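Examination of the molecular architecture
What follows is each chain in one-letter form.
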2 protein chains.
Amino acid sequence: MTYCLAMSLEQGLVFASDSRTNAGVDHVSTFRKMRIWEKPDDRVLVVLSAGNLAITQYVAALVDQGAKSDDPKKNIYLAETMFDAARILGAYVREVHGHDAKHLKEHGAEFALSLIFGGQIKGEAPRLFMIYSAGNFIECGEDSPFLQIGETKYGKPILDRVVTRDMDLMPATKCALLSLNSTIRSNLTVGLPIDLLVYHKDEFKVGVHHTIREDDPYFQKIGQLWGEGLRNLFQVLPDPPWGDEV
Amino acid sequence: MTYCLAMSLEQGLVFASDSRTNAGVDHVSTFRKMRIWEKPDDRVLVVLSAGNLAITQYVAALVDQGAKSDDPKKNIYLAETMFDAARILGAYVREVHGHDAKHLKEHGAEFALSLIFGGQIKGEAPRLFMIYSAGNFIECGEDSPFLQIGETKYGKPILDRVVTRDMDLMPATKCALLSLNSTIRSNLTVGLPIDLLVYHKDEFKVGVHHTIREDDPYFQKIGQLWGEGLRNLFQVLPDPPWGDEV
């Protein structure tokens, strides 16, 4: 499984992804799920992927191949808007579907993928999309400032409680890491390292870009403080008043 | 959807279930998912159910019908152990499967159910089981003191962090309610009222038994304090040290 999330905030974008891939518990590996296409002073495009690894790698390879083309419908470096770039990605997803879906089905496997796609192209504000297996997509709106793919549920309560579009990028990054921390703790199929990318609006270059491993002091520290803080908070909440009813 | 959980602790058992049932968002209703069979001084048996409502109601009706029989393989009041009672429930699940599964399949529906079954029969310690669609079951062990069915993921991180077999029943009840609070907050298909039951070991009668509605002052209070506490805790955790890298 996988857990990736991204936030679309007033000050920019935050992306985070785990790197655990499994096909049954006997086949657990580490694969990066974050891919970046950057052209300084012009655009930063980021894709996070969940689903069948063969499919997501195929789509990424087509994007890379298309990046050498002169055709603005194939080359995400030539797309004029994020919407156009999302359409290019959707078209590649459909190309892989045409190529693989029937064969997967013969082997009882689903054509399963989902992508988070975000970034900024000069002339536009930063934008964030979710692209589905069918190659269609939605854009993240004002009222729901984050998108998640993969094993999304364990890490959603903290996002629901904390994330707002006007929050600063570093607190938002902290929140993303706590969401991943909760997920990794409760689900074996999501694991370190975490790829983290923070994009500051109108910079047109990657801002913070870190790979967070087991020994990362900040990730260790907030994980420990968060766990202790939750247990302390739990302790100080009043017990139910029904204890003496028996 | 549904969310039910139960804990098997040294001092007894805690059961909690929501009561939202939906078949698509156009058909959202309130149905209780907790059923109790009690014979004071002899046994308390509790079932929490998730899955197709027609199936879970059918199983419960068979249990009620069987409770009039003289056959200890059909009557959970005559079962000598919780294991025997779980076998009776499993047999009823299989009876409903034989009756309905083929017809459901013709309509594209799965035979989907899961039950949490717990309680105490005189002569034994309290025990807790999970019964599957196939009528087979597992028993909750020393190392994993809780079981969940339905929409389990949102509310699992708090359980993973807090629940231990030696905790008192009222703190455990508080934890169960916080787990439901997080789930209800993040998932529309899980909703109030909550049925709550606390069984004290060797009492052989239902201890606390409450229906918690919107206006329950304790549930409101811990929900509010938990939300505020989480946001405060989030604020005081240090921000990532990478903010000045850009």
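Described in the following lines is the structure provided in the data block. Because the structure is predicted, anything quoted here is derived from the model rather than measured. (Residues numbered from 1 in each chain as written. Chains lettered and ligands numbered in written order. Predicted model: local features only at pLDDT ≥ 70, side-chain atom pairs only at ≥ 80, totals over all residues. Heavy atoms only, no water.)

Looking at the overall build of chain A
- Scanning chain A for helices and strands turns up 5 helices and 12 strands.
- For 246 residues, the compact-globule estimate of 2.2 N^0.38 gives 18 Å, and chain A sits close to it at 19 Å.
- On the principal axes, the C-alpha backbone points of chain A span a range of 75 × 45 × 35 Å.
- Put simply, chain A has 246 residues, and 54% of those count as buried.
- Across chain A, every contact between residues at least 6 apart in sequence was considered, and the portion connecting residues at least 24 apart equals 63%.
- Carbon and sulfur atoms form 48% of the exposed surface of chain A, whose accessible area is close to 10900 Å².
- Charged side chains in chain A number 26 positive and 33 negative. The centres of these two groups are separated by 4 Å. (Helix = DSSP H or I, 4+ residues; strand = E, 2+ residues; numbered from the N terminus. Rg over C-alpha atoms; globule rule 2.2 N^0.38 Å. Buried < 20%, exposed > 50% of the residue type's maximum accessible area, 1.4 Å probe, protein only. Contact = heavy atoms within 4.5 Å. Areas by Shrake-Rupley, 256 points an atom, 1.4 Å probe, with all protein chains shown as cover. Lys, Arg positive; Asp, Glu negative; His and termini not counted. Charge placed at Lys NZ, Arg CZ, Asp CG, Glu CD.)

Description of the sheet that holds strand 10 (residues 146–150) of chain B
Residues and elements named next belong to chain B.
- Taken in spatial order, the 5 strands make up an open sheet running 10-1-2-11-12, and their pairing is antiparallel. Every interior strand has two partners, whereas the edge strands, strand 10 and strand 12 (208–212), have only one. Pairwise comparison of adjacent strand axes, ignoring direction, gives a mean angle of 10° for this sheet.
- Looking at chain direction, strand 2 (residues 12–17) and strand 11 (residues 194–200) are connected through 6 bridges and run antiparallel. Of the residues in strand 11, the one forming a bridge with Phe15 is Leu197.
- Seen against the sheet, helix 4 (residues 169–186) touches strand 1 (3–9), strand 2, strand 11 and strand 12 and runs at an angle of roughly 160° to strand 1. (Pairing = 2+ DSSP bridges. Axes fitted to C-alpha atoms, helices over the stretch in contact; angles between N-to-C directions.)

Observations regarding the nonpolar core
- Counting 72 residues, the largest nonpolar core has Met7(A), Val14(A), Leu177(A), Trp226(A), Met7(B), Leu177(B) and Trp226(B) as its most contacted members.
- Beyond its immediate chain neighbours, meaning those up to four positions away, Trp226(A) contacts Ile158(A), Leu178(A), Ser182(A), Arg161(B), Leu230(B), Leu233(B), Phe234(B) and Leu237(B). (Core = buried A, V, L, I, M, F, W, Y, C linked by side-chain atoms within 4.5 Å.)

Topic: the relation of the copies chain B and chain A
- At an RMSD of 0.0 Å, chain B and chain A line up after a rotation of 180° and a shift of 0.0 Å along the axis. Between the two chains, the operation in question is that of a two-fold axis. Minimal C-alpha distance to the rotation axis in chain B is attained by Tyr154(B), lying at 2.4 Å.
- Most of the interface of chain B is mirrored in chain A, where 100% of its interface residues are also at the interface. (Least-squares fit on C-alpha atoms with pLDDT ≥ 70 in both.)

A few points about the pattern of salt bridges
- Summed over the entire model, instances satisfying the criterion amount to 18 salt bridges over all chains.
- Residue Lys33(A) pairs with Asp18(A) through a salt bridge whose shortest N-O separation is 2.9 Å. Taken as a pair, Lys33(A) in the loop between strand 4 (28–30) and strand 5 (34–39) and Asp18(A) in the loop between strand 2 (12–17) and strand 3 (20–22) lie far apart in primary sequence, 15 residues in all. For the pair Lys33(A) and Asp18(A), a shared accessibility class is recorded, and that class is buried.
- Among the salt bridges present, the one from Lys153(A) reaches Glu151(B), with a minimum N-O distance of 2.6 Å. Residue Lys153(A) is found in the loop between strand 10 (146–150) and helix 3 (156–162), and its partner Glu151(B) is found in the loop between strand 10 and helix 3 (156–162); the two belong to separate chains. (Salt bridge = Lys/Arg side-chain N within 4 Å of Asp/Glu carboxyl O.)

Observations regarding the packing of aromatic side chains
Residues and elements named next belong to chain A.
- In this structure the tally under the stated criterion is 8 aromatic pairs over all chains.
- Here the aromatic rings of Phe83 and Phe137 are separated by 5.7 Å at their centres, their planes lie at 70°, and the arrangement is edge-to-face. In this pair, Phe83 sits in helix 2 (residues 82–106) while Phe137 sits in strand 9 (residues 137–139), placing the two residues 54 residues apart along the sequence.
- Among the residues examined, Phe137 registers a relative accessible area of 23% and is labelled partly exposed.
- Three or more aromatic residues joined by ring pairs form one cluster here, namely Phe83, Phe117, Phe129 and Phe137.
- Across the ring face of Phe204, the terminal group of Lys122 is positioned such that the distance to the ring centre comes to 5.2 Å. (Phe/Tyr/Trp six-rings, centres within 6.5 Å; stacked < 30°, edge-to-face > 60°. Lys NZ or Arg CZ within 6 Å of the ring centre and 35° of its normal.)

Re the pairing of strand 2 of chain B
All names here are of chain B.
- With respect to burial, strand 2 is a largely interior element, 6 of its 6 residues being buried.
- Across 6 bridges, strand 1 lies against strand 2 in antiparallel orientation. In the sheet register, Leu9 faces strand 2, and the bridge partner there is Gly12.
- Between strand 1 and strand 2, which pair antiparallel and follow one another directly, the connecting turn spans 2 residues.

A few points about the interface of chain B and chain A
- Of the residues lining the interface, 49 residues belong to chain B; the matching set on chain A comes to 49 residues.
- Both faces combined, the contact of chain B with chain A buries some 4800 Å², and carbon together with sulfur accounts for 70% of it.
- Counting across the chain B and chain A interface gives 18 residue pairs in polar contact (both at pLDDT 80 or more).
- Looking at the side of chain B that touches chain A, the elements that each hand over two or more residues are helix 3, helix 4, strand 11, strand 12 and helix 5 (217–236) of chain B.
- It is helix 5 of chain B that provides the largest number of residues to the side of chain B that touches chain A, a total of 12 residues. (Buried area = accessible area lost by both parts, 1.4 Å probe. Polar contact = N/O pair within 3.5 Å; in protein donor to acceptor, adjacent residues only side chain to side chain.)

Observations concerning the environment of Leu169(A)
Residues and elements named next belong to chain A.
- Structurally, Leu169 can be placed in helix 4 (residues 169–186).
- Through-space distance from the C-alpha of Leu169 to that of Ser114 is 25 Å; in sequence the pair is 55 residues apart.
- Leaving out residues up to four positions away in the same chain, Leu169 has contacts with Leu9, Gln11, Gly12, Leu13, Val14, Val198, Tyr199 and His200.

Remarks on helix 1 (residues 53–66) of chain B
Residue and element names in this part refer to chain B.
- For helix 1, built from 14 residues, the straight-helix expectation of 20 Å at 1.5 Å per residue is met to within 8% by its first-to-last C-alpha distance of 20 Å.
- Looking at helix 1, one finds that the buried residues are Ile55, Thr56, Val59, Ala60, Leu62, Val63 and Gly66. The arc that holds every buried residue of helix 1, seen down its axis, measures 155°, which confines them to one face.
- Elements in contact with the buried residues of helix 1: strand 5 (34–39), strand 6 (43–51), helix 2 (82–106) and strand 7 (113–121). (Expected span 1.5 Å × (residues − 1). Arc of directions from axis to C-beta.)

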